[in-house]
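What follows is the residue order along each chain.
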Number of protein chains: 2
Amino acid sequence: MQVPGSVREAASMYGTAVAIFLVILVAALQGSVPAESPFPYHIPLDPEGTLELSWNVSYVQETVHFQLLVREFKAGVLFGMSDRGELENADLVVLWTNGDSAYFGDAWSDPNGLIHLDSQQDYQLLQAQRTPEGLTLLFKRPFSTCDPRDYLIEDGTVHLVYGILEQPFPSLEAINTSVLQTGLQRVQLLKPNIPTPALPSDMLTMEIRAPDVLVPGQETTYWCYISELPDGFARHHIVMYEPIVTKGNEAIVHHMEIFQCAAEFDSVPRFSGPCDSKMKPDRLNYCRHVLAAWALGAKAFYYPEEAGLAFGGPGSSRFLRLEVHYHNPLKIQGRRDSSGIRLYYTATLRRFNAGIMELGLVYTPVMAVPPQEMAFVLTGYCTDKCTQMALPPSGIHIFASQLHTHLTGRKVVTVLARDGRERQIVNRDDHYSPHFQEIRMLKKVVSVHPGDVLITSCTYNTEDRTLATVGGFGILQEMCVNYVHYYPQTPLELCKSAVDTGFLQKYFHLVNRFNSEEVCTCPQASVPEQFASVPWNSFNRDVLKALYDFAPISMHCNKSSAVRFQGEWSLQPLPEIISKLEEPAPRCPASRGPSSGGPTMVSIGGGKG
Amino acid sequence: MQVPGSVREAASMYGTAVAIFLVILVAALQGSVPAESPFPYHIPLDPEGTLELSWNVSYVQETVHFQLLVREFKAGVLFGMSDRGELENADLVVLWTNGDSAYFGDAWSDPNGLIHLDSQQDYQLLQAQRTPEGLTLLFKRPFSTCDPRDYLIEDGTVHLVYGILEQPFPSLEAINTSVLQTGLQRVQLLKPNIPTPALPSDMLTMEIRAPDVLVPGQETTYWCYISELPDGFARHHIVMYEPIVTKGNEAIVHHMEIFQCAAEFDSVPRFSGPCDSKMKPDRLNYCRHVLAAWALGAKAFYYPEEAGLAFGGPGSSRFLRLEVHYHNPLKIQGRRDSSGIRLYYTATLRRFNAGIMELGLVYTPVMAVPPQEMAFVLTGYCTDKCTQMALPPSGIHIFASQLHTHLTGRKVVTVLARDGRERQIVNRDDHYSPHFQEIRMLKKVVSVHPGDVLITSCTYNTEDRTLATVGGFGILQEMCVNYVHYYPQTPLELCKSAVDTGFLQKYFHLVNRFNSEEVCTCPQASVPEQFASVPWNSFNRDVLKALYDFAPISMHCNKSSAVRFQGEWSLQPLPEIISKLEEPAPRCPASRGPSSGGPTMVSIGGGKG
């Protein structure tokens, strides 16, 4: 099976172009295909659905099995992962043909996008099969390979990359990625392995979908649709929900969310149109309470058996806003869509109400990111004092989390600390993308007790900006939020912080003292104006960082966005952390695959195989 | 050869203690012993010389072959490497017996010093042999294994650790390191692979040694001895030197240096005694110009064929100070020693004089390290302006380097930058120890051209200090120096920097503004006093760091320690570095050894084997 010499030798045999039939081959090198329903997760890779990825995760073997279906197979395919979806510095698996033979190999791309064979072959081909649908490749890879060239498959977002080879290439190194159809797809590969909770027997369903939307022929559309609960709809518990995606539109329906409108309004006008439309009624801006959220690649969302999300009944709005994000990079015209979300709910209320709590940073310009930064970190705290006051003695249980930043966010993590020691990651995404904000079930429920501290850190990239990026609601401003889903519901809706404004003014004074240019520190200037006038250099950047790591904070420990718990919440000391969680050392697979060396030859033949 | 089950199974067989004879076994698993004179480097590990290590380095295979001689072998031996010589978090190879059998395994110790078998066996036993001298183990290891538990063998100092097992242990995990005789030895494992330069035919030798020293029965002694060149000794070139270590004292003679005294003095009094003796004449403090330096594990030092170190002749002192560092942790009494250095020199002067240049930081308190820091970095610059002015158009060639800090130094590196881009490491030691300051030949000669920048960074650990550590001559103050040996000699003796004092005063003002406590910033207070009154916290620490990374510097671009080159040297901008050298990704050995799993059983038998 091994190719002893270089691929180029084989390539030298490449002569006349022949019709290539890739026929059934069971390389079956080692391991075997898992038994029934082996691939619970599916995602289209390209907007046309030519490539379809299915996969499963074995946490025992720390391995992912992939099944890649290539419809209309021509001359090969690239598939892999990279930090943020670039085709440079990517960890790749490549099936390519040189006209005579087909090869499968573990490869990597350098900073110039040139492809090289990996010295260690960590992707293992298990099967290559021709089916009526196309060519199916089955292969596996450990989460971690300990090869510094390989991508480490971690919790959180993974940026998958792909490329379609339309013609043979004489060798792997000769593949010119610039002529290929390539792209990226974001997905959570390491889905949690949680048993499906039992559903109540009296369960009802309700479909919230925007009927017959004519999807605009533009790359990005957020579609807003107002739906209404029946008159006199009593209080129920949502126990599960799942996406309804119109057949054929799987690759363009990117994410969907249902928001409940504010209870203050007796009515909300009907609307179905782009969310940025000038025709959109203002009241839709008050429909922000999340009821359900789904993103590409996600499956049904189940509440834990003891909890449900309350909706309906007195004191809650009858109006729901469905938001559908259409991602249409090929600008397909005339596509019709009626996607939405199916809610499963019950009138038999479960023991606990589920709640959503906001952790992270207050939306305020005092938290700012200097321009030209590759990885600047801002941190928001939920302090021991707030959890002490607001949480029940038995604590709360976080079972899901949705991370949120605006455009420059690159990583988000929330850590739980107790008695000054970091104990547990609540949720972490080192490849976070603002374009892929899923509610994710936690692999393990995290219990938060009174007195615990929750620390949420966001990493931003502002290399393309010239002015400071301040905190705020605007899309060009930033946020750092983790919406945690938990039970039992408490009045604490918001546990967030920001640096003390007095200390920030000391910072602007200091900048003035050290720099020849003047920053306006007079009271008339707004904080965004002050930040805009800072002459950014390493000193002003480093001192801002030092300030955020040191200065006291103002806490928002709130029952709702406006009502604070009683107590003194300004000039609070930063939580002191005496021991950090250790970075887990990536476990190298104990026994390596046998294939260190060349690519695997995949048998090729004429029509008869 | 593999033990299928756990070692404990084998251990259960351990019954009556039997006389153990470890007999000849040639495991000869793979690879073979290199041919003639295979081990050019030797070092005793323990002060009694029970363990003797020999080794060689293959840069082609990126592998070190070790030969460990265990005299009076009893029940086993541990050998390995760790960051700074601790037996915790060490990468170990262990030979142990359980009473019945002997085993060899690649192991590691956790933060509590408990020993565990490595899942990946990267140390490979090639031979275990009984000789009249003792038991000899031959094994090899790649520089880098890509196992996160393993030590990465790099250039610079390696802290070797050892332990002697006096009795059998039922299993590897049962080895209690606290009852063993253990210790550490520092050595440069990756010696450069440089062809020996040809020596002149008219070469003469001169031995500089302190005759018949009664080594004090204390752990550390620096012995000073004044020697004298013959009257009218003409100018010569030193072309080579080598250590002369009195037989039997190999383990206690730690390092030796020869310094030339200042030319100002017509005579220097004779002296032979501890360097810290009250009887030591003051004039010995003016004997600081290094002529030769040797440390444990080093071999002969050769000058490049085209250069020699000038000594003798008019304008240079006839007086030499030999300094011998005796390391006598067992406090052996009554040991006599006459060690020293043999100089090889010639009257036929070579084409170039070699010179020594000081890079790094000026000895001034303005450069300070806050207390309680694990890894605080200070950086000294040799700017483009200085090299432009002082170096010949064809540049200079650095062939050796000696790094120097005081007690808190942990890492030192000098990088050469050209046109704002880092180009080359001049010398780097990530496991630097102030107790092991060798002159090291560079693996590759580094050419420095006019306009180049040399950046020297030192990393300090002040976790055991309560006050700031300022720069200066005192042993409790700090230095950051790289003495580079180069040719052709130029008048530039010193190319060092320190932060501008005006900016440092701005820092003290800022500290006052941000903190409730007052730092005396009045002109009467000295800089050490000002640093002593800073209330250290993360902000004051981070801002000091930011200051050093930003503020302009004062350059010492000097012909001798007092005479500067002409020009403006204060308030110089920091050299701008637009691209850094990439950290080399450790290369994982392409083909792994076959032994992943248990330890290797080493055959054991009765007297006849």
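Summarised in this report is the structure supplied together with it. Being a predicted model, the structure only gives us computed values, none of them experimental.

Remarks on the overall build of chain A
Looking only at helices and strands, chain A has five helices and 37 strands in total. Expressed as a percentage of the 609 residues in chain A, the buried residues total 56%. Expressed as a percentage of contacts within chain A between residues at least 6 apart in sequence, the contacts between residues at least 24 apart total 77%. When the accessible surface of chain A is summed, it comes to about 25600 Å², and 52% of that surface belongs to carbon and sulfur atoms.

Observations concerning the sheet that holds strand S36 (residues 553–558) of chain A
Residue and element names in this part refer to chain A. The six strands lie next to each other as S31-S28-S34-S25-S35-S36, forming an open sheet whose pairing is mixed. Edge positions in the sheet fall to strand S31 (439–448) and S36, since each has one partner strand and no second. Here the strands of the sheet are splayed against their neighbours by 25° on average, with no regard to which way each runs. Looking at chain direction, strand S25 (residues 355–361) and strand S35 (residues 494–499) are connected through four bridges and run parallel. Paired with Gly360 across the strands is Lys496, a residue of S35.

Topic: a nonpolar patch on the surface
Residue and element names in this part refer to chain A. Judged by side-chain polarity, Leu407, Ile475 and Leu476 come together as a nonpolar surface patch covering roughly 290 Å² of accessible area. Relative to the assigned elements, Leu407 resides in the loop between strand S28 (396–404) and strand S29 (409–418). For Leu407, a relative accessible area of 34% gives the class partly exposed.

Thoughts on the side chain of A:Thr97
As for its position among the elements, A:Thr97 is in strand S5 (residues 91–97). A distance of 2.8 Å separates a polar side-chain atom of A:Thr97 from the backbone oxygen of A:Ala75.

Brief notes about the packing of aromatic side chains
Under the criterion given, the structure shown has 49 aromatic pairs over all chains. Look at A:Phe508 and A:Phe531: their rings are 5.1 Å apart centre to centre, the planes differ by 75°, and that puts the pair in the edge-to-face class. Pair noted here: A:Phe508 is in helix H3 (residues 501–514) and A:Phe531 is in helix H4 (residues 527–532), with a separation of 23 residues, a long-range link. Like A:Phe508, the residue A:Phe531 is buried in the burial classification. Between the aromatic rings of B:Phe233 and B:Phe311, the centroid separation amounts to 5.2 Å while the plane-to-plane angle is 65°, which identifies the pairing as edge-to-face. Here B:Phe233, found in the loop between strand S14 (220–228) and strand S15 (236–244), pairs with B:Phe311, found in strand S20 (residues 307–311); they are 78 residues apart in sequence, far enough to count as distant. Accessibility expressed as a relative area gives 13% for B:Phe233, which makes it buried. Residue B:Phe311 is classed as buried on the basis of its relative accessible area, which comes to 1%. Site record: aromatic cluster; members linked through ring pairs are A:Tyr241, A:Phe301, A:Tyr303, A:Phe352, A:Phe399 and A:Tyr487. The residue whose ring lies beneath A:Lys385 is A:Trp569, and the NZ or CZ to ring-centre distance is 5.3 Å. Above the face of the B:Phe565 ring, B:Lys559 is positioned so that its terminal group lies 5.1 Å from the ring centre.

Brief notes about the pattern of salt bridges
Throughout the structure, instances matching the rule amount to 47 salt bridges over all chains. Residue A:Arg342 is joined to A:Glu207 by a salt bridge in which the shortest nitrogen-to-oxygen separation is 2.9 Å. One end of the pair, A:Arg342, is in strand S23 (residues 340–346); the other, A:Glu207, is in strand S12 (residues 204–209), with 135 residues separating them in the sequence. According to the relative accessible area criterion, A:Arg342 is buried, its value standing at 19%. Relative accessible area serves as the criterion here: at 37%, A:Glu207 is assigned to the partly exposed category. One salt bridge in this structure joins B:Arg71 and B:Glu133, with 3.7 Å as the shortest N-O distance. Of this pair, B:Arg71 sits in the loop between strand S3 (63–70) and strand S4 (76–82) while B:Glu133 sits in the loop between strand S8 (124–131) and strand S9 (134–142), and the two are 62 residues apart along the sequence. For B:Arg71, a relative accessible area of 25% corresponds to the partly exposed category. Look at B:Glu133 and you get exposed, because its relative accessible area is 51%.

A short note on the packing of H3(A) against helix H5 (residues 538–548) of chain A
All names here are of chain A. The N-to-C vectors of H3 and H5 enclose an angle of 155°; their axes lie 11 Å apart at closest approach. Taken together, the axis directions place H3 and H5 in an arrangement best described as roughly antiparallel. In the packing of H3 onto H5, the handedness of the crossing is right-handed. For the pair formed by H3 and H5, the contact residues are Phe503, Leu504, Tyr507, Leu510, Val511 and Phe514 on the first element and Phe539, Asn540, Val543, Leu544 and Leu547 on the second. Here the residues of the contact of H3 with H5 sort into 10 nonpolar, one polar and no charged.

Some thoughts on the sheet that holds strand S34 (residues 481–487) of chain B
Residue and element names in this part refer to chain B. With respect to topology, six strands assemble into an open sheet ordered S31-S28-S34-S25-S35-S36, the strand pairing being mixed. Across the chains shown, the open sheet's two edge strands, defined by having one partner strand only, are strand S31 (439–448) and strand S36 (553–558). Direction aside, the axes of adjacent strands within the sheet are offset by 25° on average. In this structure, strand S25 (residues 355–361) lies alongside S34, joined through six bridges in antiparallel fashion. Note on S34: the bridge partner recorded for Gly355 is Tyr486.

The rules behind these values
Residues numbered from 1 in each chain as written. Chains lettered and ligands numbered in written order. Predicted model: local features only at pLDDT ≥ 70, side-chain atom pairs only at ≥ 80, totals over all residues. Heavy atoms only, no water. Helix = DSSP H or I, 4+ residues; strand = E, 2+ residues; numbered from the N terminus. Buried < 20%, exposed > 50% of the residue type's maximum accessible area, 1.4 Å probe, protein only. Contact = heavy atoms within 4.5 Å. Areas by Shrake-Rupley, 256 points an atom, 1.4 Å probe, with all protein chains shown as cover. Pairing = 2+ DSSP bridges. Axes fitted to C-alpha atoms, helices over the stretch in contact; angles between N-to-C directions. Patch = residues over 30% accessible without salt bridge, like charges linked within 9 Å, V, L, I, M, F, W, Y side chains within 5 Å. Salt bridge = Lys/Arg side-chain N within 4 Å of Asp/Glu carboxyl O. Polar contact = N/O pair within 3.5 Å; in protein donor to acceptor, adjacent residues only side chain to side chain. Phe/Tyr/Trp six-rings, centres within 6.5 Å; stacked < 30°, edge-to-face > 60°. Lys NZ or Arg CZ within 6 Å of the ring centre and 35° of its normal. Parallel < 35°, antiparallel > 145°, perpendicular 65-115°, else oblique. Left-handed = near helix turned anticlockwise from the far one by under 90°. Nonpolar A, V, L, I, M, F, W, Y, C, P; charged D, E, K, R; others polar.

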